[in-house]
Amino acid sequence: MNIDFLKSNITTIINQSEKTESKLQEICNFLKQEISHYDWVGFYFKNGDKEELKLAQYAGEATEHTIIPFGKGICGQVAISNKNFIVQDVTEQDNYISCGWKVKSEIVIPIFKNQENIGQIDIDSHTQNTFTDLDTELLEFVCEQVAEIV
Ligand code: SME
């Protein structure tokens, strides 16, 4: 993974004069296209005043999990814990919402704006044990950049 190339392209997307929604969609498309172990890339954000996440932009197969209550699944747990969550083997997780049998691992990184957890980026992979510190570094960078435009 060429992290400098990826970060520089993310910055370019963020700085374009487009709507936020278009930028988030481009980020999803870009990450899914460039990184072979990213099979689904999406953003969830807190749904208004509700204790739930709502799916925003994504790249990959459509999912029925467009609303996720806080505490449910990997995403819902991150909404409460405010911490990165890397699952190298989803079969080992009891509190997990499956988006299809092909998904083997998942990484979720929270997005903070003014110290508040407002959403997250969620990546599914069809490969087990695939996420490393580089993914965390890249996705934390993406989340920091996204916090500037939402
Ligand atoms: N697997 C997630 C649900 C969202 S899908 O991956 C798109 C979870 O357990 O929260």
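Residues numbered from 1 in each chain as written. Predicted model: local features only at pLDDT ≥ 70, side-chain atom pairs only at ≥ 80, totals over all residues. Heavy atoms only, no water.

**Q** I keep staring at the site of the ligand and nothing clicks. Help me out?
**A** Taken together, the residues surrounding the ligand are Trp40, Tyr44, Ile68, Gly73, Ile74, Cys75, Tyr96, Ile97, Cys99, Glu106, Asp122 and Asp124. Ile97 places a polar main-chain atom, nitrogen or oxygen, 2.7 Å from a nitrogen atom of the ligand. For the ligand, an oxygen atom lies 3.3 Å from a polar atom in the side chain of Asp122. Summarising the interface, the protein chains cover 100% of the accessible area of the ligand, which totals 300 Å² for the free molecule. Taking a 2 Å distance to the grid points as the criterion, the majority of the atoms of the ligand fall inside the largest cavity. (Near = heavy atom within 4 Å. Polar contact = N/O pair within 3.5 Å; in protein donor to acceptor, adjacent residues only side chain to side chain. Areas by Shrake-Rupley, 256 points an atom, 1.4 Å probe, with all protein chains shown as cover. 1 Å grid on protein atoms, 1.4 Å probe; cavity = no way out; pocket = protein on both sides within 12 Å on 5 of 7 lines; lining within 4 Å. Sits in = over half its atoms within 2 Å of the grid points.)

**Q** Would you explain empty space enclosed by the protein in this entry?
**A** If a probe the size of a water molecule is rolled over the atoms, the empty space left behind becomes visible. Under the criterion given, the structure shown has 1 cavity of 30 Å³ or more. Considered as a void within the structure, the largest cavity measures approximately 80 Å³ in volume. Lining of the largest cavity is provided by Tyr44, His65, Ile68, Gly73, Ile74, Cys75, Tyr96, Ile97, Cys99, Glu106, Asp122 and Asp124. A total of 3 residues in the lining of the largest cavity trace back to one element, the largest contributor, which is helix α3 (residues 73-81). Its residues placed into classes, the lining of the largest cavity shows 7 nonpolar, 2 polar and 3 charged. (Points joined across faces, edges and corners; volume = space filled by probe spheres on them. Helix = DSSP H or I, 4+ residues; strand = E, 2+ residues; numbered from the N terminus. Nonpolar A, V, L, I, M, F, W, Y, C, P; charged D, E, K, R; others polar.)

**Q** Sorry, what's going on with the packing of helix α1 (residues 3-15) against helix α2 (residues 20-34) here?
**A** Between α1 and α2, whose axes approach to 9 Å, the crossing angle comes to 160°. Classed by the angle they form, the pair α1 and α2 counts as roughly antiparallel. Relative to α2, α1 is oriented so that their crossing is right-handed. Contacts between α1 and α2 involve Phe5, Leu6, Asn9, Ile10, Ile13 and Ile14 from the former and Lys23, Glu26, Ile27, Phe30, Leu31 and Glu34 from the latter. Counted by class, the contact of α1 with α2 contains 8 nonpolar, 1 polar and 3 charged residues. (Axes fitted to C-alpha atoms, helices over the stretch in contact; angles between N-to-C directions. Parallel < 35°, antiparallel > 145°, perpendicular 65-115°, else oblique. Left-handed = near helix turned anticlockwise from the far one by under 90°. Contact = heavy atoms within 4.5 Å.)

**Q** Mind showing me how you'd approach the pairing of strand β6 (residues 116-125) here?
**A** Put simply, side chains in a regular strand alternate between the two faces of the sheet. Most of β6 sits out of view: 9 of its 10 residues are buried. Relative to β6, strand β1 (residues 40-46) runs antiparallel, the two being bridged by 6 bridges. Opposite Tyr44, over in β6, you have Gln120 as the bridge partner. Where strand β5 (residues 105-113) meets β6, 9 bridges bridge the pair, whose relative direction is antiparallel. Residue Phe112 lies in a different strand from β6, and its bridge partner there is Asn117. Joining the antiparallel neighbours β5 and β6 is a turn of 2 residues, in which Asn114 adopts a positive phi near 50°. (Buried < 20%, exposed > 50% of the residue type's maximum accessible area, 1.4 Å probe, protein only. Pairing = 2+ DSSP bridges.)

**Q** Help me understand the packing of aromatic side chains, please; the structure alone is not making it clear to me.
**A** How two aromatic rings sit relative to each other is given by the distance of their centres and the angle of their planes. Overall, the coordinates contain 5 aromatic pairs when judged by the stated rule. Pairing Trp40 with Tyr58 gives two aromatic rings, centres 5.8 Å apart and planes at 15°, and the pair type is stacked. One end of the pair, Trp40, is in strand β1; the other, Tyr58, is in strand β2 (residues 52-59), with 18 residues separating them in the sequence. When its relative accessible area of 7% is taken as the criterion, Trp40 is described as buried. Take Tyr58: its relative accessible area is 27%, and that puts it in the partly exposed class. One aromatic cluster is present, built from ring pairs that chain together Trp40, Tyr44 and Tyr58. (Phe/Tyr/Trp six-rings, centres within 6.5 Å; stacked < 30°, edge-to-face > 60°.)

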